[in-house]
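Secondary and tertiary structure notes
Listed below are the residues making up each chain.
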There are 2 protein chains.
Amino acid sequence: MNAEIIAVGSELLLGQITNTNARFLSQHLAEIGVNVYYHTVVGDNEQRLVDAVQLAQKRADLIVFSGGLGPTKDDLTKETIARLIGKTLEYNEEALESIEAYFQKTGRTMTENNKKQALVIEGSTVLPNDNGMAPGMFAKTGDTYYMLLPGPPREMQPMFTNYGRAEILKTMEKIERIESRVLRFFGIGESALETEIDDILVKQNNPTIAPLAGDGEVILRITAKHESLAEAERLIQQAEDDILKRVGAFFYGYGETTIASELAAKLKEKQVTVAAAESLTGGLFSGELTAIPGTSAVVKGGIVCYTNEVKHKVLGVKSETLAAHGAVSAECAKELAENVRELCGADIGISFTGAAGPDPLEGHEPGTVFLAIARAGQQTIVHPLKMAGSRAGIRKRTVKYGCHYLLALLDEAEQG
Amino acid sequence: MNAEIIAVGSELLLGQITNTNARFLSQHLAEIGVNVYYHTVVGDNEQRLVDAVQLAQKRADLIVFSGGLGPTKDDLTKETIARLIGKTLEYNEEALESIEAYFQKTGRTMTENNKKQALVIEGSTVLPNDNGMAPGMFAKTGDTYYMLLPGPPREMQPMFTNYGRAEILKTMEKIERIESRVLRFFGIGESALETEIDDILVKQNNPTIAPLAGDGEVILRITAKHESLAEAERLIQQAEDDILKRVGAFFYGYGETTIASELAAKLKEKQVTVAAAESLTGGLFSGELTAIPGTSAVVKGGIVCYTNEVKHKVLGVKSETLAAHGAVSAECAKELAENVRELCGADIGISFTGAAGPDPLEGHEPGTVFLAIARAGQQTIVHPLKMAGSRAGIRKRTVKYGCHYLLALLDEAEQG
């Protein structure tokens with residue numbers, strides 16, 4: 001099956017936003033064995049959209065559209081497609097209800113143009129929008145399939161993964177299954193990891209192993225092609241085993257997870273509670289953990305101790321400590337971790353203090369960080385860290401190091 | 001002048017990388033008054049590239065290519081264009097020298113296929129590559145201009161800004177300046193805002209006004225075309241004034257800013273300090289504010305009071321309050337804001353409590369939020385909020401509402 005991706009939106013042609021949807025869709029279509037030969041971007045202009053679709057009809061079996069399903073005048077994707085394939089638009093009850101519900105919920109008054117979002121192409125399969133108001137559509141005429149998806153990635157991505165993908169799979173008779181598994185690593189650089197598994201990377205063929213780096217993490221995507229799902233799975237498992245033998249210590253999870261959600265799950269599983277004292281991370285660590293549903297059971301609380309005043313007054317860091325060693329010190333980190341644990345009554349206290357930059361702090365270069373972990377009746381551990389990069393990068397990676405060390409600790413406890 | 005951007009590279013169609021070049025080029029072409037009507041992405045396949053170019057020749061005066069200038073077999077952009085426009089490839093002395101120099105500098109030995117990169121289309125203007133080996137080209141046949149640029153952004157971007165842009169300007173007899181300004185709004189939905197300024201949107205022509213929504217915000221890009229920069233600026237200012245007369249209350253900033261950084265700037269300007277008690281936001285608010293350099297002067301600190309235990313023990317929320325009204329209540333929000341202000345010794349205390357979802361909390365639907373703001377010697381203000389969407393979306397928007405209300409308060413203070 002050959003596909004073409006058409007993104008609709010003048011904001012793309014003006015360079016206001018990047019067409020990340022084309023990448024997402026290409027990646028996920030490749031995974032189910034659909035070949036993508038063209039990406040096209042066209043503005044909110046009916047005639048040019050018509051031209052683009054008529055061309056795509058000639059060269060693709062499946063045309064995936066993103067954008068132009070919104071409530072405003074310049075949103076014209078479904079109107080144009082419907083006209084082209086000789087269908088009318090009809091109100092979709094579920095969609096209309098969910099839009100009305102949305103407005104009731106938010107207490108805002110629904111304007112007429114919002115109703116427009118509930119119009120769908122007659123006879124098409126409606127793809128629910130769990131993160132917005134405009135539903136997606138999957139339609140067929142002649143030999144061509146049309147999938148219409150909303151523009152905003154946070155609406156489009158889950159709609160495709162949860163509903164669109166399955167509709168496409170239904171239409172494919174012989175599917176050469178392309179299964180893939182993503183392994184996520186933290187605490188090791190990309191080139192270091194590649195060196196560790198170099199020979200595996202060299203002899204790869206089926207499955208293929210693609211390394212990808214970003215945000216201080218390394219991702220390995222293992223992709224196997226086979227008609228039998230079981231065989232594809234076996235090939236992937238084999239590769240995973242070989243890889244984890246070498247670099248398992250840095251592996252933290254599969255797929256779309258984050259190291260914070262892996263930590264949250266582990267804390268829940270072991271019913272261990274944590275509290276954080278955050279200086280340079282300023283609340284990021286707690287913010288990331290509590291982003292995961294149900295963490296109230298394990299996140300007791302935290303203190304954002306951005307100023308020495310709060311470090312001393314609220315968290316009881318000794319004035320002498322701050323005077324003698326400064327806030328960016330192992331000693332301060334230790335007291336912060338121990339005292340936040342006490343104050344919030346948690347099993348584990350963790351603290352982050354250091355210089356995030358851009359300027360040095362107390363004479364310490366940006367990237368100088370002290371991370372401490374305190375537990376009842378045990379020696380407090382202090383991890384001194386040295387990082388390069390932007391302020392935002394340093395803060396993000398510091399949070400990930402916190403998750404990394406806590407996970408290691410909880411796993412030790414498991415083994416020991 | 002109408003342009004089309006063609007990116008060449010199978011890695012784009014496989015979703016391995018995002019086509020950021022199209023955005024960069026669109027933005028910079030718009031700035032010099034070149035209209036971009038299409039983006040196309042095609043793989044490293046000669047026939048499909050030929051088809052794409054022949055189509056572009058029909059609809060554009062200028063075709064800008066990115067990618068496919070490298071040393072490897074699958075790099076075929078210049079070979080294909082040359083053949084299409086009946087030109088040969090010839091070695092470019094400067095390019096050859098700089099390639100040889102590059103290899104000397106890096107102490108690597110130059111392989112034959114690297115020489116291929118010094119081949120340019122005969123009669124074309126060569127665009128030097130200051131950050132890599134493959135030179136760019138600017139050629140003309142008939143009425144069509146062809147600009148060939150390398151794929152890697154760090155090579156393509158400076159090549160375009162330093163050399164390509166000027167070549168295009170030379171070909172334009174009358175240059176229309178395109179100036180644009182971005183206005184950012186929070187606290188009003190896209191369709192509500194459009195309804196407010198509908199008549200302005202309808203009669204728009206020059207300047208044009210393009211609305212864009214995302215993350216609970218609405219963005220308006222005002223774009224004016226004029227030979228005189230001053231006149232373009234005047235047209236934009238006029239439109240901005242008309243718009244802000246209607247929806248100024250929701251406007252928070254220009255261009256690439258965020259509402260959190262606007263708040264940080266305002267707090268610094270007025271030397272007002274803030275402390276936050278974060279229940280459902282779990283540290284996100286403090287995390288966002290402290291992401292901005294130099295906020296230690298205005299962010300005193302904060303308490304992540306995710307559990308009632310911490311709300312009571314650390315922040316002194318009365319047990320009676322929690323018993324009678326629960327944590328998701330105006331009463332709890334009020335005490336949290338007042339006590340965190342006291343505890344951290346800040347001018348303003350702000351609190352966030354509510355149900356982020358996915359499940360109801362204390363019988364409150366996800367999206368039920370109470371936000372309180374406390375100041376010394378003044379009545380504490382409680383804002384009840386109702387939001388829809390995902391847990392992450394609700395938390396993010398709650399933080400933005402916090403910034404929104406604080407900004408409004410600080411502006412009032414300004415006026416009053």
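For clarity, every value in this text was computed on a predicted model and none was experimentally measured.

Residue and element names in this part refer to chain B. Burial analysis of strand β1 (residues 2-8) places six of its seven residues in the buried class, the great majority of the element. Looking at chain direction, β1 and strand β2 (residues 35-42) are connected through seven bridges and run parallel. Within the sheet, the bridge partner assigned to Ala 3 lies in β2 and is Val 36. Across five bridges, β1 lies against strand β3 (residues 62-66) in parallel orientation. Its bridge partner being in β3, Ile 6 is matched across the sheet by Phe 65.

On inspection of all chains with the given rule, the structure shows one cavity of 30 Å³ or more. Counted as a void, the largest cavity has a volume near 70 Å³. Looking at the largest cavity, the residues that line it are A:Leu12, A:Ile17, A:Thr18, A:Asn19, A:His39, A:Val41, B:Asn19, B:Ala22, B:Arg23, B:His39 and B:Val41. The set of elements that each furnish at least two residues to the lining of the largest cavity consists of β2 (35-42) of chain A together with α2 (20-31) and β2 of chain B. Residue classes in the lining of the largest cavity are distributed as five nonpolar, five polar and one charged.

On to the side chain of B:His39, then. With respect to the helices and strands, the residue B:His39 is situated in strand β2. Looking at B:His39, the relative accessible area reads 4%, which means it is buried. A polar side-chain atom of B:His39 sits 2.7 Å from a polar atom in the side chain of B:Ser26. When near neighbours in sequence (up to four residues on either side) are disregarded, B:His39 contacts A:Leu12, A:Leu13, A:His39, A:Thr40, A:Val41, B:Ile5, B:Ala22 and B:Ser26.

Turning next to the sheet that holds strand β16 (residues 368-375) of chain B. Pairing is mixed in the open sheet, where ten strands are placed in the order β17(A)-β16(A)-β15(A)-β13(A)-β14(A)-β14(B)-β13(B)-β15(B)-β16(B)-β17(B). Unpaired on one side and paired on the other, β17 (381-386) of chain A together with β17 (381-386) of chain B mark the two borders of the sheet. Each neighbouring strand pair of the sheet contributes to a mean axis angle of 15 degrees, computed without reference to strand direction. Note that strand β15 (residues 348-354) of chain B and β16(B) share seven bridges and pair antiparallel. Note that in β16(B) the partner of B:Gly354 across the bridge is B:Val369. Against the sheet, helix α15 (residues 330-344) of chain A engages β13 (274-278), β14 (299-304), β15 (348-354), β16 (368-375) and β17 of chain A, with an angle of about 145 degrees to β15(A).

Here we come to the domain arrangement of chain A. Domain parsing of chain A yields domain 1 (2-171), domain 2 (177-254) and domain 3 (259-415). The C-alpha-based centres of domain 1 of chain A and domain 3 of chain A are spaced at 44 Å.

Residues and elements named next belong to chain A. Look at α15: 21 Å from first C-alpha to last across 15 residues, which is about the 21 Å you get at 1.5 Å a residue. Cys 332, Ala 333, Glu 335, Leu 336, Ala 337, Val 340, Arg 341 and Cys 344 are the residues of α15 that are buried. Residue Gly 345 follows α15 closely and has a positive phi angle near 60 degrees.

Each side of the interface is counted separately: chain B has 70 residues, and chain A has 67 residues. Around 5,700 Å² of area is buried between chain B and chain A when both sides are counted, 55% of it from carbon and sulfur atoms. Our count for the chain B to chain A interface comes out at two salt bridges. Its salt-bridge partner being B:Lys300, residue A:Glu309 comes within 2.6 Å of it at the nearest N-O pair. Joining chain B to chain A, the criterion identifies 33 residue pairs in polar contact (both at pLDDT 80 or more). With seven residues, the single largest contributor to the side of chain B that touches chain A is β2(B). Where β14(A) lies against strand β14 (residues 299-304) of chain B, three bridges are found, and the strand directions are antiparallel. In the sheet register, A:Ile303 faces β14(B), and the bridge partner there is B:Ile303.

Next up on the list: unusual backbone geometry. What you tend to see is this: most non-glycine residues have negative phi, and most peptide bonds are trans. All names here are of chain B. Note the cis peptide between Asn 206 and Pro 207, where omega equals 5 degrees. Considering the arrangement of structural elements, one finds Pro 207 in the loop between α9 (198-202) and β10 (208-214). Looking along the chain, the bond that leaves Gly 357 and enters Pro 358 is cis, with omega of 5 degrees. As for its position among the elements, Pro 358 is in the loop between β15 and β16.

For the rest of this paragraph, the subject is the packing of helix α3 (residues 46-59) of chain B against helix α4 (residues 77-84) of chain B. Residue and element names in this part refer to chain B. Between α3 and α4, whose axes approach to 10 Å, the crossing angle comes to 55 degrees. By the angle between their axes, α3 is oblique relative to α4. As α3 packs across α4, the resulting crossing turns out to be right-handed. Listed contacts from α4 to Glu 46, Leu 49, Val 50, Val 53 and Gln 54 of α3 are Thr 77, Thr 80, Ile 81, Arg 83 and Leu 84.

Moving on, we get to the packing of aromatic side chains. Under the criterion given, the structure shown has 15 aromatic pairs over all chains. Taking the centre distance of 5.0 Å and the plane angle of 65 degrees together, the rings of A:Phe251 and A:Tyr254 count as edge-to-face. Residue classification places A:Phe251 among the partly exposed residues on the basis of a relative accessible area of 21%. The class for A:Tyr254 is partly exposed, based on a relative accessible area of 42%. Between B:Phe24 and B:Phe160, the ring centres sit 6.4 Å apart and the planes meet at 85 degrees, which makes this aromatic pair edge-to-face. A residue pair is termed long-range when its members are at least 10 positions apart, and B:Phe24 in helix α2 and B:Phe160 in helix α7 (residues 153-171) qualify at 136 residues.

In this section: the environment of A:Glu342. All names here are of chain A. Within the element layout of this structure, Glu 342 appears in helix α15. Note on Glu 342: relative accessible area 55%, which makes it exposed. Distance from Glu 342 to Ala 376, taken between C-alpha atoms, is 9.0 Å for residues 34 residues apart in sequence.

Right, let's get into the pattern of salt bridges. Opposite charge on two side chains allows them to pair when their charged atoms are near. Going through the model one piece at a time under the given rule, you end up with 32 salt bridges over all chains. With a closest N to O distance of 2.9 Å, A:Arg246 and A:Asp199 form a salt bridge. Of this pair, A:Arg246 sits in helix α10 (residues 229-247) while A:Asp199 sits in helix α9 (residues 198-202), placing them 47 residues apart in sequence. A salt bridge links B:Arg234 to B:Glu231; the shortest N-O distance between them is 2.9 Å. Remark: B:Glu231 and B:Arg234 occur in helix α10 (residues 229-247); sequence separation between them is three residues, near one turn of the helix. Take B:Glu231: its relative accessible area is 24%, and that puts it in the partly exposed class. It is possible to trace a salt-bridge network through shared partners that takes in A:Arg181, A:Glu233 and A:Glu240.

Rules behind the numbers
- Residues numbered from 1 in each chain as written.
- Chains lettered and ligands numbered in written order.
- Predicted model: local features only at pLDDT ≥ 70, side-chain atom pairs only at ≥ 80, totals over all residues.
- Heavy atoms only, no water.
- Buried < 20%, exposed > 50% of the residue type's maximum accessible area, 1.4 Å probe, protein only.
- Helix = DSSP H or I, 4+ residues; strand = E, 2+ residues; numbered from the N terminus.
- Pairing = 2+ DSSP bridges.
- 1 Å grid on protein atoms, 1.4 Å probe; cavity = no way out; pocket = protein on both sides within 12 Å on 5 of 7 lines; lining within 4 Å.
- Points joined across faces, edges and corners; volume = space filled by probe spheres on them.
- Nonpolar A, V, L, I, M, F, W, Y, C, P; charged D, E, K, R; others polar.
- Polar contact = N/O pair within 3.5 Å; in protein donor to acceptor, adjacent residues only side chain to side chain.
- Contact = heavy atoms within 4.5 Å.
- Axes fitted to C-alpha atoms, helices over the stretch in contact; angles between N-to-C directions.
- Domains from an automatic or database assignment.
- Expected span 1.5 Å × (residues − 1).
- Buried area = accessible area lost by both parts, 1.4 Å probe.
- Salt bridge = Lys/Arg side-chain N within 4 Å of Asp/Glu carboxyl O.
- Parallel < 35°, antiparallel > 145°, perpendicular 65-115°, else oblique.
- Left-handed = near helix turned anticlockwise from the far one by under 90°.
- Phe/Tyr/Trp six-rings, centres within 6.5 Å; stacked < 30°, edge-to-face > 60°.

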